[in-house]
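# Breakdown of the fold
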Amino acid sequence: MKAGDGKESPSPSNAGNDAYTPDNLIALVRAIKFSHPEMSLKNVHKEISGAMANSDDSYAFLKEVKLDEVKKVWKKSLKG
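These remarks concern the structure in this document.

Another aspect to go through is the side chain of Lys-33. Of note, Lys-33 is situated in helix α2 (residues 22-35). Although Lys-33 is buried, it makes no salt bridge; Glu-38 carries the closest opposite charge, 7.1 Å away. Apart from the residues lying within four places of it in its own chain, the contact partners of Lys-33 are Glu-38, Met-39, Val-44, Trp-74 and Leu-78.

Put simply, α2 and helix α3 (residues 41-55) touch, their axes get as near as 10 Å, and they point 100 degrees apart. Relative to α3, the element α2 lies roughly perpendicular. Note on element contacts: α3 touches α2 through Val-44, Glu-47, Ile-48 and Met-52, opposite Leu-25, Leu-28, Val-29, Ile-32 and Lys-33. Counted by class, the contact of α2 with α3 contains seven nonpolar, no polar and two charged residues.

What counts as what
- Residues numbered from 1 in each chain as written.
- Predicted model: local features only at pLDDT ≥ 70, side-chain atom pairs only at ≥ 80, totals over all residues.
- Heavy atoms only, no water.
- Helix = DSSP H or I, 4+ residues; strand = E, 2+ residues; numbered from the N terminus.
- Buried < 20%, exposed > 50% of the residue type's maximum accessible area, 1.4 Å probe, protein only.
- Lys, Arg positive; Asp, Glu negative; His and termini not counted.
- Salt bridge = Lys/Arg side-chain N within 4 Å of Asp/Glu carboxyl O.
- Contact = heavy atoms within 4.5 Å.
- Axes fitted to C-alpha atoms, helices over the stretch in contact; angles between N-to-C directions.
- Parallel < 35°, antiparallel > 145°, perpendicular 65-115°, else oblique.
- Nonpolar A, V, L, I, M, F, W, Y, C, P; charged D, E, K, R; others polar.

This is the structure:
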């Protein structure tokens, strides 16, 4: 083990979790569904992780949003 190896950078699967909370994701899904009520779960995920993530450098962390994470908040986001 090399000196200084004690701090590891977050893996891509963990990086997104530090950048947003489930509540943030719920609000984002609600906003997309408000704008596009016909959009399916998969298309909402594509909008978040693709179109939004590529639209601005400040949204680049959205590339890390997984489909399973959107699935977990889907029902909660549609209730509000």
